[in-house]
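# Structural overview
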Amino acid sequence: MKESAKAGISFGCALALVISYVNWHSILWAIFHGILSWFYVIYYVIVYGLN
């Protein structure tokens, strides 16, 4: 259970980093959004949708 939770957190962080960098082209924003991880991913999907 702990391993799958860790994997989910790591995946959420990596996903947030990629989404942020692709959209904003800023390493600082990517780091900030990586810290927020799944919160930023969910926010992005709600605001911008999946195109």
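Read on for a plain summary of the structure. (Residues numbered from 1 in each chain as written. Predicted model: local features only at pLDDT ≥ 70, side-chain atom pairs only at ≥ 80, totals over all residues. Heavy atoms only, no water.)

### Section: the overall build of the chain
From N to C terminus, the chain includes 3 helices and 0 strands. Reading the helices (α) and strands (β) of the chain from amino to carboxyl end gives α-α-α. Across the 51 residues in the chain, those meeting the buried criterion constitute 24%. In the chain, once contacts between residues fewer than 6 apart in sequence are set aside, the share between residues at least 24 apart is 38%. (Helix = DSSP H or I, 4+ residues; strand = E, 2+ residues; numbered from the N terminus. Buried < 20%, exposed > 50% of the residue type's maximum accessible area, 1.4 Å probe, protein only. Contact = heavy atoms within 4.5 Å.)

### Looking at the nonpolar core
Of all hydrophobic cores here, the largest spans 5 residues; its members are Ala16, Ile19, Tyr40, Val41 and Tyr44. At the level of secondary structure, the elements contributing two or more residues to this core comprise helix 1 (2-24) and helix 3 (38-48). (Core = buried A, V, L, I, M, F, W, Y, C linked by side-chain atoms within 4.5 Å.)

### A few points about helix 3
Within the span of helix 3, buried status applies to Tyr40, Val41 and Tyr44. Viewed end-on, helix 3 has its buried residues packed into an arc of 100°, placing them on one side of the element. The exposed set on the far side of helix 3, more than 90 degrees from its buried face, consists of Phe39 and Ile46. Remark: Gly49 follows helix 3 within two positions and exhibits a positive phi of approximately 70°. (Arc of directions from axis to C-beta.)

### Side note on the environment of Ala30
Topologically, Ala30 is positioned in helix 2 (residues 27-36). Assessed through its relative accessible area of 7%, Ala30 is described here as buried. Not counting residues within four places of it along the chain, the set of residues in contact with Ala30 comprises Leu17, Ser20 and Tyr21.

### Some remarks on helix 2
For helix 2, the set of buried residues is Ala30, His33 and Gly34. An end-on view of helix 2 places all buried positions within 110° of arc, on one side of the element. Exposed residues on helix 2 whose side chains face more than 90 degrees from its buried face are Leu28 and Ile35. The N-cap of helix 2, judged by a side-chain oxygen 3.4 Å from the amide nitrogen of Leu28 a few residues on, is Ser26. One or two residues past the end of helix 2 sits Ser37, with phi positive at roughly 45°. (Polar contact = N/O pair within 3.5 Å; in protein donor to acceptor, adjacent residues only side chain to side chain.)

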